[in-house]
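Per-entry structural report
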Amino acid sequence: MTNEFLLSVESVDTFIGQFHILENVSVNVAKGSITVLLGRNGAGKTTTLKTVIGLTPPRSGRVIFDGEEIQGKRAFNIANLGIGYVPENRAIFRALTVLENLKLAERKKGDLDRHADMIFELFPDLERLSKLKGNQLSGGQQQMLAVARALVPDNKLLLIDEPSEGLAPILIQQMMEVIRKLKEKTTILLVEQNFIMASQLAERYVIIDDGRSVHRGLMSDLVLNEELIHQYLGASIQAPTRTSEAE
Ligand SMILES: Nc1ncnc2c1ncn2[C@@H]1O[C@H](COP(=O)(O)OP(=O)(O)O)[C@@H](O)[C@H]1O
Ligand SMILES: [Mg+2]
């Protein structure tokens with residue numbers, strides 16, 4: 001069963017301090033696909049990503065990546081297995097240039113040289129702005145840099161937390177295009193509150209509610225299920241209107 005999944009989160013319970021944040025959360029991510037975690041603010045989406053990468057390790061349950069149990073490992077070692085994490089707060093180095101930020105994301109010597117063409121093709125702005133410091137970038141450019149950093153080392157899986165958050169509509173479109181292109185190269189577990197974006201990118205969804213994974217399935221089914229969308233996603237998302245733009 002697990003072989004078809006690059007990542008399996010199996011019945012994890014995660015505590016932060018004495019707080020029981022995740023309870024019996026399970027998420028599977030098929031290789032070469034995008035799975036999106038949906039749910040209200042505070043539901044536990046970010047904690048689920050942090051549980052995978054080892055920043056908030058689970059107290060029980062298993063996390064299996066590429067056939068290997070990783071739930072007991074340290075975050076640094078988990079990342080080294082080939083998982084890129086783009087945190088919600090972007091976490092770029094504001095005093096360093098774009099190029100320095102990218103260079104620091106190397107896991108092996110030469111990572112950036114090997115991937116620079118691919119990265120700058122996806123993010124032409126970053127090449128143009130490569131000498132600017134992090135704090136000279138707009139919010140959108142910082143977000144692009146945060147995603148670009150995860151592409152510097154060889155990663156098999158990307159965990160991307162709310163890439164569209166705080167972005168202007170035009171930049172949301174750009175980010176969508178980037179993630180769409182990334183799908184051809186890698187596997188993604190995405191957290192995305194923008195339902196339009198989530199529904200157009202992801203094949204599968206898992207709804208997290210109050211620290212539990214309560215629903216999962218094909219995105220093509222969810223977009224038709226207004227009741228489920230309303231019940232668990234409520235006012236935190238835009239209605240899933242159909243766009244007339246051809247894909
Ligand atoms: N460091 C922390 N200490 C205590 N509670 C936390 C901490 N981080 C997150 N939480 C709580 O865990 C729950 C899930 O948070 P989070 O995973 O960030 O939700 P989401 O990403 O879905 O908005 C929330 O109720 C939040 O208040
Ligand atoms: Mg979050």
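Attention in this report is confined to the structure presented alongside it. (Residues numbered from 1 in each chain as written. Chains lettered and ligands numbered in written order. Predicted model: local features only at pLDDT ≥ 70, side-chain atom pairs only at ≥ 80, totals over all residues. Heavy atoms only, no water.)

1. Quick notes on the coordination of the magnesium ion (ligand 2)
With distances of 2.0 to 2.5 Å, the protein atoms coordinating the magnesium ion (ligand 2) are Thr46 (OG1) and Glu88 (OE). Of this pair, Thr46 sits in helix H1 (residues 45-53) while Glu88 sits in the loop between strand E6 (83-86) and helix H3 (98-104), placing them 42 residues apart in sequence. (Donors = N, O, S within 2.8 Å, 3.2 Å for Na, K, Ca; no water. Helix = DSSP H or I, 4+ residues; strand = E, 2+ residues; numbered from the N terminus.)

2. Some details on the nonpolar core
Counting residues in each nonpolar core, the largest one holds 50 residues, and the members touching the most others are Leu38, Phe123, Met219 and Leu222. Broken down by element, this core gets its largest block of residues, 6 residues, from helix H7 (residues 169-183). Both domains that meet at this core, namely domain 1 (2-82 + 156-236) and domain 2 (91-154), each give it at least three residues. Non-local contacts of Leu222, meaning those with residues more than four positions away in its chain, are made with Leu38, Phe195, Tyr205, Ile207, Leu228 and Ile229. (Core = buried A, V, L, I, M, F, W, Y, C linked by side-chain atoms within 4.5 Å. Buried < 20%, exposed > 50% of the residue type's maximum accessible area, 1.4 Å probe, protein only. Domains from an automatic or database assignment. Contact = heavy atoms within 4.5 Å.)

3. With respect to the pairing of strand E2 (residues 19-30)
Here 8 bridges tie strand E1 (residues 5-16) to E2, and the two strands are oriented antiparallel to one another. Bridge pairing in E2 places Leu7 opposite Val29. (Pairing = 2+ DSSP bridges.)

4. Examining the side chain of Asp111
Residue placement: Asp111 occurs in helix H4 (residues 111-122). Classification of Asp111 by relative accessible area gives buried; the value is 1%. One polar contact links the side chain of Asp111 to the main-chain amide nitrogen of Arg107, over a distance of 2.8 Å. For Asp111, the side chain forms a polar contact with the side chain of Arg114, separated by 2.6 Å. Those residues in contact with Asp111, other than ones at most four positions away along the chain, are Glu106, Val152, Pro153 and Asp154. (Polar contact = N/O pair within 3.5 Å; in protein donor to acceptor, adjacent residues only side chain to side chain.)

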